[in-house]
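Architecture and fold: a report
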Amino acid sequence: MATVGVAVASFAVAPPAAANDNGPVTMDEQVLREALFTMHMRGRMSGAEGYKDLMISYGMLAYRERNPQSTARQMIQHGVVLRNHYNSQLTANDLERPAFQFMMKLLELTAQVPGAGGASIVKDLLESTAGQQLQNYGSMVDQITAAQAHYSWHQHLHQTQNRIWQRVARVALVDSTFLEAWNSEFGVRYNVNPAGTTEDLSADPYVETWLNTNAILLNQHNDKKWLEEAMGQVTGLLTAINGRVDGYNEAVRQLAAQYPLTNGAPRPEPVAYQAAVQRASTAQDWIDGAAGALNVLAHLVGFADKRKGEIVAGVGRSAVQIATAINQYLPTIAGLGLSQALTSMSTLALTGNVLGAISALLPVFGGGNTPEQQILDELRSLRAEVGQLRENMNDRFDRIERGLTTMYTDMMNEFETIINLQRATDAQLTRINERLAGLTERVDMWGLTILRNQQQDVSGQIRSRINDVVGFKAETGLELPYHGDGENYASYARELREDARDRALNGPVVAPRTGITTADALTSYGTYGSIAHLLAQASAKGLPTQGVTAVRDAETWALAATGYQMLMAQNPEHAARLGTQVTAEVVSSGEQIQEAVRLFSAPREPVEGEPTPQYPFMNDYLHGLVMAYRITVVEMVKRMAEIRDEIRQGGKHDPFGLPEQPVPAGQKPTGDPATVPSCNSGPALSRPSDVEYADLEQALWVAQYGRSDSAITLCHESGWTNVSTHRSGKWEITRADLQFSFKARQKWDGNQRIIREWTKVIPLGEVCRTHDDGLPGACRQSSQDVAKWDSTYKAQFGNATFIDNEKAETDRAKKWLHQQGGDYYTKVHEELTNPHPQDPRTQTLYALNKKATEQARHYTAVVKLGFGTALSQDELMGLNLVGTNRAPYDLDGLNLITGPFEHARNNYCVADSNPCELKGTITKPLEGEKLLNCVHAVTLDPIAACIEGLMYYRTDILYERMNFWSEKIKNEEYVEGLPAVEAILQAVRTADTVARSTPVTP
């Protein structure tokens, strides 16, 4: 027989304390038989049809339990009725549910069909799903914290599958009529007999692909060899899973690189998405096979050593859950939106399932024993793969929701703590579990916002009620009474109903409709407590709101409804006795939330005679909300331009560019002139070959272009120098030298500053002789000597004295340019952050930035409410709404307006200097800037240009995505609503349906 397809190394393990080297192994053949059958079925059923077969099998079991005299034909007919009922009631929206929620829907539909109500399997399955609680080592973690872990559906899904298939195998062995019915309906199709022997099931070719059970069973009289063989196969499987996870990680990396979550990046075509779905489906078949094999091996190991079996089961479940989470996320990266939810998951769901897998490891480390080294090695390998996933996904997580990256870091730290914790005590494990539960709350969309100020009193009271009665039997060992003076079902169910119906509708958890600004409402009550207020604002702007005036706080409702769901699921007979009214009110109050939030995304109705708008399906209110923000940002940019022009003082240069920036034609000579004018009023001279100024540093020409009085000139000052006069008798004799000086100079603040100067002094001797008595002398003018430049002196100029001040003058020009940039960013940042400017009428940036943030926060809240379902799948929409690629505004520590301006200022100025004191090394405004991550080739402020450009670009994408989903809503392709509310409603409906089919004991 073959194993998984990887070499299984043989290694020695220490024998258990309770085992002798040659002791026999006591095997529970029924447990092994059920595990093998479960493995067979889990490996063969998949997709919606497979889940239907699973639930029809469950329905047939329930029908047989309630109708023990039924015939095989009647059971088969009941299965046909169930399938027809499924097919008639399931909608396209149901098929979009995650797999576990889809199964919960099937459970509800199953309970609706007469004939199985009150069966113990129905109540058992309900409590293990909707009524599940988180039980710890010696203490209970808050029941609601546990309930909020609904993203981690992997464990629930597989536990439900195991529970049903084990029951089928158990009943089939003792009930030949059920066996006949089940085999007629499923056994032939799946080529398996649920009453088959261990030998028959082990010999199944599919099972043989994964396990060599005979190699283990041959050692039944030697527990040491039994464990060696079984643990060898366990390690081989875990190694194979880790290898697969490594491959999935690489696929994640490649897909993320091929389809990066950035605006403008290539989007996958349908064929690419379908290929990803098919690859994930094939891979999932392998993972499910490995899961079934590990489940069988855990039992086999447990027969020889119970504790080792628990360790194998726990580690195996975690490894399989992580592999499943990564694999089923792959189609999401190549996804096209809301589709194929049964075989893919959102980014939050990925996080939740990895988190759930880590939490599931806790029992492995309890009980005072430490997993053996080979298991620890595989766990460390698994942790390394999860760490690699984080590295591959950091950018994507950060773009969707910055908190995910931090959460992954915390999660990995807890993973490491668990692995390194040797012989953990119950208290240590409880503390770790509480920290992991806290991370689970961060995965949940509700977060911790309801725990604010006065609202904490409301939520605290609800939590207290839930913790009093949910899990009552698990905590006390007693049945919860239906009524009475203390904790009882009826009183607490009604209280939770009032929590969901009434307390969630009133202050301090619900924002007033009027008399408060939207900014204050969102700050004080959060998005989900401000639904009624936001609807009132929308109604005032023309959005039809169908007269809705009061809406419950979704968070408070969810808290109470989740507790009610768990209480009802754990006590279906009490729920049946209480009647349907209480449940109906809990459900209707949640449905009212869904109906209210759908108003925000109601598609636009065309108006006859009006032109079709650019986004014809998105309603005008949504368009107007985003447009108001856009207009405010444009006003901000205009004010920034005013500050820029004040700083430039009329210049047309780019104060934020490099000193080497180009200048327009005519602002710099293309070559050196043939002649050089006089600096004063003399004649022009032909230019010596070594006199050049066209090659001066570009910064000097930029300063000439940008300053009103900083012209660069090349001129000469020529004439006599060193003039001296002496007397010889009655003669007055004047002597002089002839100097030619060529100067490249720039005017600066009224003074001519020399950049380059070439000077040649030529001795002349006597230039004038005059006599006191008027006798004829000989005198000439300096101009006469200068006039001989070309004929006599130019040839002698070659070894002229050269003075070079170019570096100092260039530094002056650069400092002037950089100072303008530094002064600008200092002034803009100061105005953005100063709530009390000297002149509020002109210094408007703080007020405009605050307004833009409030407007963006407003439309973000409305879109989150109106498109909750779309946002759960459309990562591009989430990216542009709440991710790091959102439109620029300041909120939640992600300051996309003030942050980049502060960064630019710090690129120019010494920290905290005002006025700006330039740094020794200046970098460009966008150098090192990570928030905007944009480059604009502009001659105005690149920060302002990026903010304006990204504002248009990102809100255009948001418009497009809202219009896309609005069209789907209009075409009735899906129904909007808050996904978490819908999940709770589904669980409550399911629990209610089961309760109503449960007979009440008199």
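Above this text is the structure in question.
This section reports on the structure supplied with the text.

Conventions and cut-offs
- Residues numbered from 1 in each chain as written.
- Predicted model: local features only at pLDDT ≥ 70, side-chain atom pairs only at ≥ 80, totals over all residues.
- Heavy atoms only, no water.
- Helix = DSSP H or I, 4+ residues; strand = E, 2+ residues; numbered from the N terminus.
- Buried < 20%, exposed > 50% of the residue type's maximum accessible area, 1.4 Å probe, protein only.
- Contact = heavy atoms within 4.5 Å.
- Areas by Shrake-Rupley, 256 points an atom, 1.4 Å probe, with all protein chains shown as cover.
- Salt bridge = Lys/Arg side-chain N within 4 Å of Asp/Glu carboxyl O.
- Core = buried A, V, L, I, M, F, W, Y, C linked by side-chain atoms within 4.5 Å.
- Domains from an automatic or database assignment.
- Axes fitted to C-alpha atoms, helices over the stretch in contact; angles between N-to-C directions.
- Parallel < 35°, antiparallel > 145°, perpendicular 65-115°, else oblique.
- Disulfide = S-S within 2.5 Å.

A separate point is the overall build of the protein. In terms of helices and strands, the protein carries 38 helices and nine strands. Counting across all 1002 residues of the protein, residues that qualify as buried make up 56%. Put simply, of all contacts in the protein between residues at least 6 apart along the chain, 76% involve residues at least 24 apart. Carbon and sulfur atoms make up 49% of the accessible area of the protein, which amounts to about 41,100 Å² in all.

On to the pattern of salt bridges. Pairing is possible between side chains that carry opposite charge, provided their charged atoms lie close to one another. The tally for this structure, following the rule as stated, stands at 49 salt bridges. The salt bridge partner of E49 is R83, with a shortest N-O separation of 3.8 Å. With a gap of 34 residues between them, E49 in helix α2 (residues 47-66) and R83 in helix α3 (residues 72-89) connect regions that are remote in the sequence. Classification of E49 by relative accessible area gives partly exposed; the value is 45%. By sharing partners, the salt bridges in this structure join E49, K52, D53, R83 and R189 into a single network.

A separate point is helix α24 (residues 531-540). Because each turn of an α-helix spans 3.6 residues, side chains separated by three or four positions end up pointing in the same direction. Among the 10 residues of α24, seven are classified as buried, and the element is accordingly described as predominantly covered. Residues I531, A532, H533, L534, L535, A536 and A538 constitute the buried set of α24. The inward-facing, buried residues of α24 contact α23 (518-525), α25 (554-570), α27 (581-600), α28 (620-648) and α33 (845-866). Where α24 ends, the next residue or the one after it, G542, has phi of about 100°, a positive value.

Let us now look at the nonpolar core. Judged by nonpolar contacts, the single largest core of 113 residues is most densely connected at I531, W557, Y859, F867, F901 and M962. Here this core gets 12 residues from one element, more than from any other, and that element is α28. Each of domain 3 (453-601 + 983-997) and domain 4 (620-655 + 819-975) gives at least three residues to this core. M962 has contacts with M618, L622, V626, V863, F867 and M877, leaving out every residue within four places of it along the chain. Core analysis: the next-biggest nonpolar cluster, separate from the first, contains 91 residues, L32, A35, L255 and F303 among them.

This part is about the packing of α24 against α33. Where α24 contacts α33, the axes come no closer than 11 Å and their chain directions differ by 110°. In terms of orientation, α24 lies roughly perpendicular with respect to α33. Taking contact as the criterion, the partners of I531, L534 and Q537 in α24 are, on α33, H858, A861, V862 and L865.

Quick look at the state of the cysteines now. One pass over the structure, following the stated rule, counts four disulfides. Disulfide pairing is shown between C768 and C779; the S-S distance is 1.7 Å. Handedness here is read from the sign of the S-S torsion; for C768 and C779, about 60°, the answer is right-handed. Separated by 11 residues along the polypeptide, C768 in strand β5 (residues 751-771) and C779 in strand β6 (residues 778-779) bring together distant segments of the chain.

That is the geometry; function is a separate question.
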